[in-house]
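# Notes for the structure review
Here's the letter readout for the chains.
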2 protein chains.
Amino acid sequence: MAQSASNTVLVESGRDRILDEAAALFLRHGYEGASLRQLAETVGMKAGSLYYHFASKDDLLTEILRRGIDVMQTAFDEAETASADVRPVARVEAHVRAHLSALFENGPYTAAHVMTFRTAPETVREVVVPLRDAYEARWTEMLRLLQADGAIDPTVDVNVIRLVLFGAMNASVEWFDTDRGNLDRFAAAITAQFWNGVGA
Amino acid sequence: MAQSASNTVLVESGRDRILDEAAALFLRHGYEGASLRQLAETVGMKAGSLYYHFASKDDLLTEILRRGIDVMQTAFDEAETASADVRPVARVEAHVRAHLSALFENGPYTAAHVMTFRTAPETVREVVVPLRDAYEARWTEMLRLLQADGAIDPTVDVNVIRLVLFGAMNASVEWFDTDRGNLDRFAAAITAQFWNGVGA
DNA sequence: CACCCTACCTAACGTTCGTTAGGTAGGCAA
DNA sequence: TTGCCTACCTAACGAACGTTAGGTAGGGTG
């Protein structure tokens, strides 16, 4: 009942705790809108002490953006192995569910990533862009294969439909409420809209 | 050939000029990430002089967010009268085109709105939320009528598909390049994806 | 016991921020 | 010519920012 030993603690401390709270703060107020003193107070220390764990505020953001991608990649991995031989639409739904899981169920890193990346300092973006590209390439490749197999409309631009789908999923961070909505149902709804459309 | 008289000047000045550049700056760097000194230098004046035109930075943002909605509302009006009696999917496409027009063809206000609203100060949001709600209600009502007429799948949640569509359209600010892509074609593509889906 | 390393703290540095008070050049009106 | 109004400017204010240098309590190790 009480926490046992090593893996996940009820209230973590140190570096991971800082990253968690920083990601949540950046998500809510934006990168420039959140101050280190605000962050320090949230985690219960003084601003200067943060520099024992991180070289700079930019460095902190870089780490958060990196973790955001790691979470997405891991989710993609799991969806890939879990949906190895299901029909195309179910495969897409598995990956949609995985991406939503990254956004809502694995800490604030992915949500903070998709919301703060655009206005991040150039030096930070430079580091993260290749990682982003790699993740997006996996999606594009998956959709490209489905199109080659005849499962996706051959007239659509795979890159465009991916960006549209990403926009829809990522924007849900702004309005989807995990307390009120069910993520499985939401993934099913967004996949149905993506695959079949809404026309009667 | 040279500009004539009143309506639109090649290079505007004064208050409108400030708003234009401020919206562009807020869009690029976020509200907190853009400074008034940066803005002042862009429009060719000193930071303090901005206060002749605006009471505060928050006030400036409020005006920009308000204009962003005005542009959307106007675009919606035009789409509504232009697509009064066309088939449902064409009606939706007209409104998608109108929203994209607001985002890309009528100054940076709407784009700045959708990108900075989320992290705007609470006092600013309070003022703008009712205006936002009014615009979103028009969309919901339109889709609701289409569903009542049997043109939209009766099993979908109109509010969810609207939010998903909004997410897709608004996120395109991040990646769609007006110099390379055609907005008519993009509106057609996004509408087709919305209406018919991408499944073969 | 002596030592050291971890994880903080205090206190300040210089910079930048939004903002304000008071001044002024130029145009238009009486 | 005098006076006012518009649209700026200069100069500074206090606050907040990211960041750094130096100090220290406490636990683990020899």
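For the structure, check the block above.
Let me sum up the structure you'll find in this document. Keep in mind it's a predicted model, so treat the numbers as computed, not measured.

## Remarks on the overall build of chain A
Within chain A, the regular secondary structure consists of 8 helices and 0 strands. Going residue by residue from the N terminus, the α and β elements of chain A occur as α-α-α-α-α-α-α-α. Summarising its shape, the C-alpha atoms of chain A cover approximately 60 × 45 × 30 Å along the three principal directions. Residue burial in chain A is summarised as follows: out of 200 residues, 50% are buried. Contacts in chain A between residues far apart in sequence, at least 24 positions, make up 67% of those at least 6 positions apart. Entry remark: accessible area of chain A is about 9,900 Å², with carbon and sulfur atoms responsible for 48%.

## Points about empty space enclosed by the protein
Under the defined criterion, the tally for this structure stands at 2 cavities of 30 Å³ or more. There is about 120 Å³ of room inside the largest cavity. Every residue along the wall of the largest cavity is listed here: Val 164, Leu 165, Ala 168, Ile 190, Gln 193 and Phe 194 of chain A together with Val 164, Leu 165, Ala 168, Ile 190, Gln 193 and Phe 194 of chain B. At the level of secondary structure, the elements contributing two or more residues to the lining of the largest cavity comprise α7 (158-171) and α8 (183-195) of chain A together with α7 (158-171) and α8 (183-196) of chain B.

## Comments concerning the protein's contact with DNA strand D
Neighbouring residues of DNA strand D: 14 residues in total, closest Tyr 51 and Lys 57 of chain A together with Lys 46, Ser 49 and Tyr 52 of chain B. Those atoms of DNA strand D that come within 4 Å of the protein belong to sugar or phosphate at a rate of 57%. Residue Tyr 51 of chain A places a side-chain N or O atom 2.5 Å away from a phosphate oxygen belonging to DNA strand D. Ser 49 of chain B is positioned such that a nitrogen or oxygen atom in its side chain is 2.6 Å from a phosphate oxygen of DNA strand D. A class-by-class count of the residues in the surface near DNA strand D yields 5 nonpolar, 5 polar and 4 charged.

## Here's the deal with the relation of the copies chain B and chain A
Overlaying chain B on chain A yields an RMSD of 0.0 Å, the required transformation being a rotation through 180° with an accompanying axial translation of 0.0 Å. Seen this way, the second copy is the image of the first under a two-fold rotation axis. Taking C-alpha positions as reference, the residue of chain B nearest the rotation axis is Gly 197 of chain B, located at 1.9 Å. Taken as a fraction of all interface residues of chain B, those also at the interface in chain A reach 100%, which identifies the copy contact as same-surface.

## Topic: the protein's contact with DNA strand C
Taken together, 14 residues surround DNA strand C, and among them Lys 46, Ser 49 and Tyr 52 of chain A together with Tyr 51 and Lys 57 of chain B come closest. Between DNA strand C and Lys 46 of chain A there is a distance of 2.7 Å, counted from a phosphate oxygen to a backbone nitrogen or oxygen. Broken down by class, the residue content of the surface near DNA strand C amounts to 5 nonpolar, 5 polar and 4 charged.

## Description of the side chain of Lys 57 of chain A
All names here are of chain A. The topology assignment puts Lys 57 in helix α3 (residues 57-82). Of the side chains bearing the opposite charge, Glu 32 lies closest to the buried Lys 57, which forms no salt bridge; the N-O distance is 5.3 Å. Among the polar contacts listed, one links the side chain of Lys 57 to the backbone oxygen of Tyr 31, at a separation of 2.9 Å. Apart from the residues within four sequence positions on either side, Lys 57 is in contact with Phe 26, Tyr 31, Glu 32, Ala 34, Leu 36 and Tyr 51.

## Digging into the packing of aromatic side chains
Scanning the entire structure with this criterion turns up 19 aromatic pairs over all chains. A centroid spacing of 6.1 Å and a plane angle of 85° characterise the contact between Phe 76 of chain B and Tyr 135 of chain B, whose relative ring orientation is edge-to-face. Note that Phe 76 of chain B is positioned in helix α3 (residues 57-82) and Tyr 135 of chain B in helix α6 (residues 122-148), a separation of 59 residues in sequence. Across the pair, Tyr 135 of chain B and Phe 76 of chain B agree in class, each one buried. An aromatic cluster of at least three residues, connected via ring pairs, comprises Phe 76, Tyr 135, Trp 139 and Phe 166 of chain A. Between Arg 162 of chain A and the ring centre of Phe 166 of chain A, over which it is positioned, the NZ or CZ distance is 5.2 Å. Looking at Lys 57 of chain B, its charged tip hangs above the ring of Tyr 31 of chain B, at a distance of 4.5 Å from the centre.

Calculation notes
- Residues numbered from 1 in each chain as written.
- Chains lettered and ligands numbered in written order.
- Predicted model: local features only at pLDDT ≥ 70, side-chain atom pairs only at ≥ 80, totals over all residues.
- Heavy atoms only, no water.
- Helix = DSSP H or I, 4+ residues; strand = E, 2+ residues; numbered from the N terminus.
- Buried < 20%, exposed > 50% of the residue type's maximum accessible area, 1.4 Å probe, protein only.
- Contact = heavy atoms within 4.5 Å.
- Areas by Shrake-Rupley, 256 points an atom, 1.4 Å probe, with all protein chains shown as cover.
- 1 Å grid on protein atoms, 1.4 Å probe; cavity = no way out; pocket = protein on both sides within 12 Å on 5 of 7 lines; lining within 4 Å.
- Points joined across faces, edges and corners; volume = space filled by probe spheres on them.
- Near = heavy atom within 4 Å.
- Polar contact = N/O pair within 3.5 Å; in protein donor to acceptor, adjacent residues only side chain to side chain.
- Nonpolar A, V, L, I, M, F, W, Y, C, P; charged D, E, K, R; others polar.
- Least-squares fit on C-alpha atoms with pLDDT ≥ 70 in both.
- Lys, Arg positive; Asp, Glu negative; His and termini not counted.
- Salt bridge = Lys/Arg side-chain N within 4 Å of Asp/Glu carboxyl O.
- Phe/Tyr/Trp six-rings, centres within 6.5 Å; stacked < 30°, edge-to-face > 60°.
- Lys NZ or Arg CZ within 6 Å of the ring centre and 35° of its normal.

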